[in-house]
Amino acid sequence: TLEVRAQDQGQPPLSSTVQVVITVQDVNDNAPVCPHLYNFTVAHDVSPGAYVGRVAAMDLDEGDTQRITYELPHDVKNKFAIDQRTGGVFVASGSVTFE
């Protein structure tokens, strides 16, 4: 908070003051961190859409730069899907068989 004064050049000079609040926004200076290694087990005959587990990351930034979205690499998208907002991992419509 700071105080700003405006003054004219009249005789006598008249002035007014106002309190100004300056908010410094956080910058995106912290990378998301995954605090755990996740291991999930899935049966080879699991149904499409089945819940596998949830991954989580945290970001020490504030505001919009703290929001995390999740995504999977292209080579597993035919086997698994992830909820971009929650980190929930699900079996996709394709087979999870690795034979």
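Residues numbered from 1 in each chain as written. Predicted model: local features only at pLDDT ≥ 70, side-chain atom pairs only at ≥ 80, totals over all residues. Heavy atoms only, no water.

S.K.: Would you take a moment to explain a nonpolar patch on the surface for this structure?
M.R.: Together, Leu 2, Val 4, Val 18, Ile 22 and Val 24 give the surface a local cluster of nonpolar side chains, amounting to about 460 Å² of exposed area. On the secondary structure map, Val 18 appears in strand β2 (residues 15-20). (Patch = residues over 30% accessible without salt bridge, like charges linked within 9 Å, V, L, I, M, F, W, Y side chains within 5 Å. Areas by Shrake-Rupley, 256 points an atom, 1.4 Å probe, with all protein chains shown as cover. Salt bridge = Lys/Arg side-chain N within 4 Å of Asp/Glu carboxyl O. Helix = DSSP H or I, 4+ residues; strand = E, 2+ residues; numbered from the N terminus.)

S.K.: Would you mind showing me how to read the environment of Gln 84 here?
M.R.: Locating Gln 84 in the fold gives a position in the loop between β4 (80-82) and β5 (88-91). Separated by 41 residues in the primary sequence, Gln 84 and Ala 43 place their C-alpha atoms 24 Å from one another. Not counting the four nearest positions on each side in its chain, Gln 84 is found in contact with Ile 68, Thr 69 and Tyr 70. (Contact = heavy atoms within 4.5 Å.)

S.K.: I tried to follow the sheet that holds β4 on my own but got confused; where do I start?
M.R.: The strands making up a sheet associate through backbone hydrogen bonding, with each pair oriented either parallel or antiparallel. The sheet built from 3 strands is open, its strands ordered β3-β5-β4 with antiparallel pairing. Two strands in the sheet have a free side with no partner beyond their single neighbour: β3 (51-54) and β4. Across the sheet, the axes of successive neighbouring strands diverge by a mean angle of 25°, strand direction being ignored. Relative to β5, β4 runs antiparallel, the two sharing 3 bridges. Looking across to β5, one finds that Ile 82 is bridged to Val 89. (Pairing = 2+ DSSP bridges. Axes fitted to C-alpha atoms, helices over the stretch in contact; angles between N-to-C directions.)

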